[in-house]
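Descriptive structure summary
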Amino acid sequence: MRETQGRFITLEGGEGAGKSTQVARLKELIETRGHECIATREPGGAPGAEMVRKLLVEGPAERWDGVTEALLHFAARREHLRTTVLPAIARGAWVVSDRFADSTMAYQGYGHGIDRAILGTLYDITVGAFRPDLTLILDLPVDTGLARAASRRGKETRYESLPLDFHERVRAGFLDIAAADPERCVVIDATAAIDDIARAIGDALSTRLGS
Ligand code: TMP
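Predicted, not measured: the structure shown is a model, and the values here were computed from it. (Residues numbered from 1 in each chain as written. Predicted model: local features only at pLDDT ≥ 70, side-chain atom pairs only at ≥ 80, totals over all residues. Heavy atoms only, no water.)

Turning our attention to the packing of aromatic side chains. Enumeration according to the criterion identifies six aromatic pairs in this entry. Aromatic pair Tyr107 and Phe166: ring centres 6.0 Å apart, planes at 55°, arrangement tilted. Taken together, the positions of Tyr107 in helix 4 (residues 101-111) and Phe166 in helix 7 (residues 164-180) put the pair 59 residues apart, joining distant regions of the chain. Judged by its relative accessible area of 4%, Tyr107 is buried. Site record: aromatic cluster; members linked through ring pairs are Phe8, Phe100, Tyr123 and Phe130. It is Arg77 that lies over the ring of Phe74; its NZ or CZ is 4.9 Å from the centre. The lysine or arginine in question, Arg77, covers the ring of Phe100, its NZ or CZ lying 5.3 Å from the ring centre. (Phe/Tyr/Trp six-rings, centres within 6.5 Å; stacked < 30°, edge-to-face > 60°. Helix = DSSP H or I, 4+ residues; strand = E, 2+ residues; numbered from the N terminus. Buried < 20%, exposed > 50% of the residue type's maximum accessible area, 1.4 Å probe, protein only. Lys NZ or Arg CZ within 6 Å of the ring centre and 35° of its normal.)

Our focus in this paragraph is helix 2 (residues 47-57). When helix 2 is considered as a whole, its buried residues turn out to be Ala49, Val52, Arg53, Leu56 and Val57. Burial along helix 2 is one-sided: seen end-on, the buried residues are contained in an arc of 120°. Relative to its buried face, helix 2 has exposed residues pointing more than 90 degrees away, namely Pro47 and Met51. Where helix 2 is buried, its residues meet strand 2 (37-41) and helix 3 (66-90). Of the residues flanking the end of helix 2, it is Gly59, one or two places downstream, whose phi is positive at about 90°. (Arc of directions from axis to C-beta. Contact = heavy atoms within 4.5 Å.)

This part takes up the site of the ligand. Around the ligand sit 15 residues, and of these Glu15, Arg53, Arg99, Thr104 and Gln108 come closest. Lys19 is positioned with one of its side-chain polar atoms (N or O) 3.0 Å from an oxygen atom of the ligand. Within the side chain of Arg99, one N or O atom sits 2.7 Å away from an oxygen atom of the ligand. Surface burial for the ligand is 95%, taken as the share of its 480 Å² of free accessible area covered by protein chains. According to the grid-proximity analysis, the pocket containing the ligand is the largest pocket. When residues of the shell around the ligand are traced back to their parent elements, those giving at least two are helix 2, helix 3 and helix 4. Top contributing element to the shell around the ligand by residue count: helix 4, with four residues. Class assignment of the residues belonging to the shell around the ligand gives a composition of four nonpolar, four polar and seven charged. (Near = heavy atom within 4 Å. Polar contact = N/O pair within 3.5 Å; in protein donor to acceptor, adjacent residues only side chain to side chain. Areas by Shrake-Rupley, 256 points an atom, 1.4 Å probe, with all protein chains shown as cover. 1 Å grid on protein atoms, 1.4 Å probe; cavity = no way out; pocket = protein on both sides within 12 Å on 5 of 7 lines; lining within 4 Å. Sits in = over half its atoms within 2 Å of the grid points. Nonpolar A, V, L, I, M, F, W, Y, C, P; charged D, E, K, R; others polar.)

Spatial ordering of the open sheet is given by 2-3-1-4-5, a layout of five strands whose pairing is parallel. Edge strands, defined here as strands with exactly one partner in the open sheet, are strand 2 and strand 5 (185-189). Geometrically, the sheet is characterised by an average inter-axis angle of 20° between neighbouring strands, direction not taken into account. Summarising the sheet, strand 4 (residues 134-139) and strand 5 pair through five bridges and their orientation is parallel. If you follow Asp139 over to strand 5, its bridge partner there is Asp189. (Pairing = 2+ DSSP bridges. Axes fitted to C-alpha atoms, helices over the stretch in contact; angles between N-to-C directions.)

With that settled, the discussion passes to the pairing of strand 4. Among the six residues in strand 4, six count as buried, and that is most of the element. Side chains of strand 4 alternate between two faces, with Leu134, Leu136 and Leu138 and Thr135, Ile137 and Asp139 buried alike. With five bridges joining them, strand 1 (residues 8-13) and strand 4 adopt parallel strand pairing. Bridge assignment links Ile9 to a residue of strand 4, and that residue is Leu134.

Moving on, we come to the pairing of strand 1. Burial analysis of strand 1 places six of its six residues in the buried class, the great majority of the element. What you see with strand 1 is no split at all: Phe8, Thr10 and Glu12 on one side and Ile9, Leu11 and Gly13 on the other are buried throughout.

Here it is as structure tokens:
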């Protein structure tokens, strides 16, 4: 990637891992290091993608099957990339996204059992060769995460209402993804205190992407 281009950093993990807090902390850190930074999220992060988000995160768990979900997530993702992420990176901004395509692999692939090769093909079709420069996977036990998430959710309960074994598969999926792509991914212990997690993320940023 050319020096004049920005960077794309993704935060991933199961329910209640504290990603949104850490996205805000990471944005501050990147700005103190002198870069323009935007924080965004998936599903969502662009007007059309936020409309798709509502379809995905509200309502009963059985509203969609895994294939439809994967297609909706990739549709939202393409819109997010086209209107938010890629223009920002092209002008030199750093973009921090609360979730990206590893979530589709973990939730729809490992969680719902959709063929991972098919998800890879959907990635190629909708995203192409573009990849995050760094992915931080916030890992914590499923019961801890679900308890945290339950205490603060409004209407966005569709995924949380899926059974515990679904969420265990998602967690194992994220750890598998990290193990398979250690150059891009760093696993962070999300049971630690907020400041300690932020420090671990800052260290990963310095080590992997320089200052
Ligand atoms: P959030 O709660 O982190 O904002 O994410 C919304 C839900 O969407 C969360 O339960 C995980 C789920 N999700 C997927 O299942 N697949 C995806 O590709 C993405 C981006 C999110």
